[in-house]
Amino acid sequence: MRRVLLPAALFLLVFAAFAGCGQKQDAEVVLDIEECAAQLLAEVDFADELTKIDGEMVQALYLLGEGDAESFAVYVSSGATAEEIAVFAAVDLQAAKRIEEAVLRRIAEQKASFADYLPAEMPKLNDPFLKKSGRYIILCISGHNGQAERVADRLLAEGRD
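In this numbering scheme, every chain counts its residues from 1 along its sequence in written order. Where totals are concerned, whole chains, interfaces and linings use all residues; where local detail is concerned, this predicted model gives features only for residues with pLDDT of at least 70, and gives and counts side-chain atom pairs only at 80 or more. Only hydrogens and water are set aside; all other atoms, that is, all heavy atoms of the structure, feed into the side-chain values.

Draft legend 1. Examining the overall build of the protein chain more closely. Along its length, the protein chain carries 6 helices and 5 strands. The helix and strand sequence of the protein chain, counted from the amino end, reads α-α-β-α-β-β-α-α-β-β-α. Classification of residues uses two cut-offs on accessible area relative to the type maximum, computed with a 1.4 Å probe and protein chains only: under 20% is buried, over 50% is exposed, and between them is partly exposed. Counting the 161 residues in the protein chain, one finds 39% classified as buried. Calculation of accessible area relied on Shrake-Rupley with a 1.4 Å probe; when residues are assessed, cover is drawn exclusively from the protein chains displayed. Taken as a whole, the protein chain presents about 9,200 Å² of accessible surface, with 56% of it coming from carbon and sulfur. Think of it this way: any DSSP run of H or I at least four residues long counts as a helix, any run of E at least two long counts as a strand, and we number them from the N terminus.

Draft legend 2. Quick look at the pattern of salt bridges. One side-chain nitrogen of Lys or Arg within 4 Å of one carboxyl oxygen of Asp or Glu is enough to make a salt bridge. This model, assessed by the stated rule, comprises 9 salt bridges. Between Glu43 and Arg154 there is a salt bridge, and its shortest N-O distance comes to 2.9 Å. Remark: Arg154 occurs in helix α6 (residues 145-158) and Glu43 occurs in helix α2 (residues 33-43); sequence separation between them is 111 residues. For Asp153, the salt bridge goes to Lys131, with nearest N and O atoms at 2.9 Å. Residue Asp153 is found in helix α6, and its partner Lys131 is found in strand β4 (residues 129-133); the two are separated by 22 residues along the sequence. Classification of Asp153 as partly exposed rests on a relative accessible area of 32%. Members of the salt-bridge network, linked through shared partners, are Glu43, Arg154 and Glu158.

Draft legend 3. How the structure looks around the sheet that holds strand β2 (residues 69-76). Two strands are said to pair when DSSP picks up at least two bridges between them. Read from one edge to the other, the open sheet built from 5 strands follows the order β1-β2-β3-β5-β4, with strand pairing classed as antiparallel. Edge positions in the sheet fall to β1 (51-52) and β4, since each of these pairs with one other strand and no more. Both strand β3 (residues 84-90) and strand β5 (residues 136-141) contribute to a ladder of 6 bridges, which runs antiparallel. Looking at the pairing, Ala89 lines up with Tyr136 of β5. Of the strands in this sheet, β4 and β5 are in contact with α6, which crosses β4 at around 15°. Here a residue-residue contact requires only that any non-hydrogen atoms of the pair lie within 4.5 Å. Axis lines are fitted to C-alpha atoms, over the contacting stretch for helices. Their N-to-C directions set the angle, which ranges from 0 to 180 degrees.

Draft legend 4. Looking closely at the packing of aromatic side chains. Working definition: rings of Phe, Tyr and Trp (its six-membered ring) pair if their centres are within 6.5 Å, and the pair is stacked with planes under 30 degrees apart, edge-to-face with planes over 60 apart, and tilted otherwise. For the coordinates displayed, the defined rule picks out 3 aromatic pairs. Pairing Phe72 with Phe88 gives two aromatic rings, centres 6.2 Å apart and planes at 50°, and the pair type is tilted. Of this pair, Phe72 sits in strand β2 while Phe88 sits in strand β3, and the two are 16 residues apart along the sequence. Taking the relative accessible area as the measure of exposure, Phe72 reaches 26% and is therefore partly exposed.

Draft legend 5. Structural view of the confidence of the model for the protein chain. pLDDT measures the predictor's confidence residue by residue and takes values from 0 up to 100. Here the protein chain shows a mean pLDDT of 88. Residues at 70 or above account for 83%. Ignoring residues within four places in sequence, the model shows residues 4-27, a span with pLDDT below 50, making 10 contacts including any to other chains.

Draft legend 6. View of the environment of His144. Considering the arrangement of structural elements, one finds His144 in the loop between β5 and α6. Considered as a pair, His144 and Asp45 are 99 residues apart in the sequence and their alpha carbons are 6.8 Å apart. Apart from residues lying up to four places away in sequence, His144 is in contact with Val44 and Asp45.

Draft legend 7. Inspection of helix α3 (residues 55-62) at higher detail. Throughout this description, a polar contact denotes any pair of N or O atoms lying within 3.5 Å of each other; where both atoms belong to protein, one of them has to be capable of donating a hydrogen while the other can accept it, and for residues adjacent in sequence the pair is counted only when both atoms sit in side chains. The N-cap of α3, judged by a side-chain oxygen 3.3 Å from the amide nitrogen of Glu56 a few residues on, is Asp54. Just downstream of α3 lies Leu63, where phi reads positive at about 50°.

Draft legend 8. Spotlight on the pairing of β2. Note that β1 and β2 share 2 bridges and pair antiparallel. Residue pairing in the sheet places Lys52 in a bridge with Tyr75 of β2.

As structure tokens, this is what we get:
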């Protein structure tokens, strides 16, 4: 009996050790934030010209928690549309949840602002492209979610290689 159990136990131990090989979790993805935002800007159709904003303005718009974001790239419209790109790398998974909540608050604030101001923008705000992958959050308000999704998925897949 012992002769059978020992090899079986060794087999299970080796199998368990190698079971996770070749698989990366979302937290292991490496995404270049600047490249992601630039690719969204280049490949998604926008009606307005988007402009990159600095850290102070990002903080004013998103009210990020102190130290939650490792890096970010945010582009906003002129105000004639609700279009926006925001890509965040959080310091960890808990911070990513807080950043995602901040992004959802930003969308809600934009909905309140545009509801009376430019109601034609509401479809974009009611259905924005928002993706969280590990510690990365990608927002693209454009009205072209399919284009944004293709860009984000491609870059996230490249980040797994």
